[in-house]
Amino acid sequence: MSIQIENNLKNTENKDIFEQRAHYVPCKIDEDGAANVKKYFEPYVVESPDGDMTATFRGHGLDGTKMTLPEGYRAVVATEAKKPLAEDADRRFQVAGGFKQLVYWNWDKKPSKNDNLVRALDWIDIAEALHCD
Amino acid sequence: MQSLEELQNCIKTQSNSNNFVNCSNVPKICENEPCMLGVDEAGRGPVLGPMVYGVAYCPVNQRSVLEALGCADSKALTEEKRDEIFTKMLTEDDSLNNVGWAADIISPNYISNSMYKRAKHSLNEVSMNSAIELIRRVADSGVNITEVYVDTVGPPEKYQAKLSEIFPKYKITVAKKADSIYPIVSAASIVAKVTRDHALKVWQFPEGLEMNHTEFGSGYPGDPLTKKFIREQIDKVFGYPLLVRFSWSTAELMLKEKAATCTFEEVDDEDSAKKNTKSISSFFVAKSENGAKKRKRHRFFEERYLTMCNAFE
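Everything in this summary refers to the structure shown in the same document. Note that this is a predicted model, so its numbers are computed, not measured.

### Some points on the interface of chain B and chain A
Then, in step 1: Facing 38 residues of chain B, the contacting portion of chain A comprises 34 residues.
Then, in step 2: Of the roughly 3700 Å² buried at the junction of chain B and chain A (both faces included), carbon and sulfur atoms supply 61%.
Then, in step 3: At the junction of chain B with chain A, the criterion picks out 2 salt bridges.
Then, in step 4: Notably, a salt bridge pairs B:Lys117 with A:Asp108, separated by 3.7 Å at the nearest N-O pair.
Then, in step 5: Inspection of the chain B/chain A interface yields 14 residue pairs in polar contact (both at pLDDT 80 or more).
Then, in step 6: Taken together, the elements giving at least two residues each to the side of chain B that touches chain A come down to α6 (108-115), β7 (262-264) and α15 (299-303) of chain B.
Then, in step 7: Each residue belonging to the side of chain B that touches chain A can be placed in one class, and the counts come to 21 nonpolar, 8 polar and 9 charged.

Quick look at the structure:
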């Protein structure tokens, strides 16, 4: 099976579409699609002068911090119009937007270097060291 | 503050996802004369809106002022009567010169967040801390407290022991239905109830819902309007606006049925430690095909939840 990504936004005038606001929420949500982030979540995001952030999701208190993607990387949101029924069929995705920065949220715990997402990004540096010529 | 309207305006200026304390000036006489202080709460049970802790205090020998105000069993008073008594507390000289009060408005969001902490913080703890902080605040503002009366729904003994430990100099009485026995607790109860009622009346939804208390009701799970609100005002992802106490079973059950399932990380407890120990029978299980062990990925990847995915083209 192969996965193809089409970027129909390559020549878009709207640069904001690749600089959208993204939140990484410490919770598995069984739902795929649009969410009323602006209405239900962002009114309660509070940022203190020293950069600590708080918010709340489903009654759970969250502690957050802004995170920038590593140099040379950017995040892309891809959507699939229709998932093929056969498991080994080729799949096609369309680029729907992206972001360069995100807010990383922990449940009732200050974000730190030991958080999984931060540690997962270690791989980028290690891979670079291992595979570069 | 001189009227209920001013109370409403004061509540409106506060962010309704945070707690705040609203209090009267300290009557001069309370700094010298020995004072009694009553504590009561309003809105413990409802699934909507804040819980309010109220305290009222006055000189021990000024009990008659409380009686003249009409501070009797607050449960027997109508909402109009409570509003009237509170207005007198804000305006009449006899009251202003003898009776002080304070209210701690505990937001529904704070209640949900506390009950959904990693180390759970029960509603009783939230309540007790609020009462303790209010007593401390009044004492710090210069009031000569000698007697404290507290209304409780739970068993009084433990509560009384805890308060006596924190405030060893005060004569402390914790009792069920204290608000029908001690006028100073009735006064505290009126402060709490009136504040809660008006907080709901002026509730504005940061989520932008164009609704008011005539549509979401009293907040008690039995109120048909509240039931309707809990059933209908659901966002698939976010659940409810923060007027709702997410940690109430009424809300939890409805979200389980109607909103997207959300699973938070499990908090480690003693049980999970046991699960990590291999059972003895696992050592006798036949090895997988060909007797070869499947190669495991390095711990580095496992810890970071990194797995191999398909490459894009």
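On we go.
### A word on the packing of aromatic side chains
Residue and element names in this part refer to chain A.
Then, in step 1: Within the structure shown, the criterion is met by 14 aromatic pairs over all chains.
Then, in step 2: Judged by centre distance (5.7 Å) and plane angle (85°), the ring pair of Phe 41 and Trp 105 falls under edge-to-face. In this pair, Phe 41 sits in helix α1 (residues 37-41) while Trp 105 sits in strand β9 (residues 101-107), placing the two residues 64 residues apart along the sequence.
Then, in step 3: Look at Phe 41 and you get buried, because its relative accessible area is 1%.

### What to know about the sheet that holds strand β6 (residues 171-176) of chain B
All names here are of chain B.
Then, in step 1: Here 6 strands make up an open sheet; going across it, the order is β1-β4-β3-β2-β5-β6 and the pairing mixed. The open sheet has two free edges, formed respectively by β1 (20-23) and β6, since each of these has just one partner strand. Neighbouring strand axes in the sheet, compared pairwise and without regard to direction, differ in orientation by 15° on average.
Then, in step 2: Sheet topology places β1 next to strand β4 (residues 100-106); 4 bridges connect them, and they run antiparallel. Paired with Phe 20 across the bridge in β4 is Ile 105.
Then, in step 3: This element, helix α7 (residues 123-140), spans β1, β2 (35-42), β3 (51-59), β4 and β5 (145-152) of the sheet and lies at about 30° to β3.
Then, in step 4: The strands touched by helix α8 (residues 156-166) within the sheet are β5 and β6, with β6 carrying the most contacts at an inclination of about 160°.

Definitions and cut-offs
Residues numbered from 1 in each chain as written. Chains lettered and ligands numbered in written order. Predicted model: local features only at pLDDT ≥ 70, side-chain atom pairs only at ≥ 80, totals over all residues. Heavy atoms only, no water. Contact = heavy atoms within 4.5 Å. Buried area = accessible area lost by both parts, 1.4 Å probe. Salt bridge = Lys/Arg side-chain N within 4 Å of Asp/Glu carboxyl O. Polar contact = N/O pair within 3.5 Å; in protein donor to acceptor, adjacent residues only side chain to side chain. Helix = DSSP H or I, 4+ residues; strand = E, 2+ residues; numbered from the N terminus. Nonpolar A, V, L, I, M, F, W, Y, C, P; charged D, E, K, R; others polar. Phe/Tyr/Trp six-rings, centres within 6.5 Å; stacked < 30°, edge-to-face > 60°. Buried < 20%, exposed > 50% of the residue type's maximum accessible area, 1.4 Å probe, protein only. Pairing = 2+ DSSP bridges. Axes fitted to C-alpha atoms, helices over the stretch in contact; angles between N-to-C directions.

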